[in-house]
Amino acid sequence: MNKFLFLGGLYRLAKDVNVGNCVLPMGGVFTYSSGGYSPYDDSYIYHFIDLSGEKVTCISRAELSLVDMENFEMLHSQS
């Protein structure tokens, strides 16, 4: 089980994951490019890049839960 996402990590989603205003689709492959709490927005902002290079910005009032993180299957890490 992933307890956090690695920056630059490539992930496949085991099922649809709701991240605030986004639904990342089951089977989708994304690179996690950045994320964290923004006091200015009073929200958590997560940035993903899909395989076509399109940047997906998700804004959520809550952190990703452990349940959500279980659905991110790591395919590759930059470390």
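Note that the coordinates shown come from a computational prediction; the quantities given were computed from them, not determined experimentally. (Residues numbered from 1 in each chain as written. Predicted model: local features only at pLDDT ≥ 70, side-chain atom pairs only at ≥ 80, totals over all residues. Heavy atoms only, no water.)

Asker: Account for the pairing of strand E1 (residues 10-13), with residues named and values stated.
Answerer: Judged by which residues are buried, E1 turns out to be one-sided: Tyr-11 and Leu-13 face inward and are buried, whereas Leu-10 and Arg-12, on the alternate face, are not. Where E1 and strand E7 (residues 72-76) come together, 4 bridges link them in antiparallel fashion. Among the inter-strand pairings, Tyr-11 is bridged to a residue of E7, identified as Met-74. (Buried < 20%, exposed > 50% of the residue type's maximum accessible area, 1.4 Å probe, protein only. Helix = DSSP H or I, 4+ residues; strand = E, 2+ residues; numbered from the N terminus. Pairing = 2+ DSSP bridges.)

Asker: Report on unusual backbone geometry, specifying residues and quantitative values.
Answerer: In this model, Asp-42 sits at a positive phi of 50°, which is unusual for a non-glycine residue. By the element assignment, Asp-42 lies in the loop between strand E4 (29-38) and strand E5 (43-50). With a relative accessible area of 41%, Asp-42 lands in the partly exposed category.

Asker: Please set out the pattern of salt bridges residue by residue, giving values where relevant.
Answerer: One pass over the structure, following the stated rule, counts 1 salt bridge. Measuring nitrogen to oxygen at the nearest pair gives 3.8 Å for the salt bridge that ties Asp-42 to Arg-61. Here Asp-42 is found in the loop between E4 and E5, whereas its partner Arg-61 is found in the loop between strand E6 (55-60) and helix H1 (66-69), with 19 residues between them in sequence. (Salt bridge = Lys/Arg side-chain N within 4 Å of Asp/Glu carboxyl O.)

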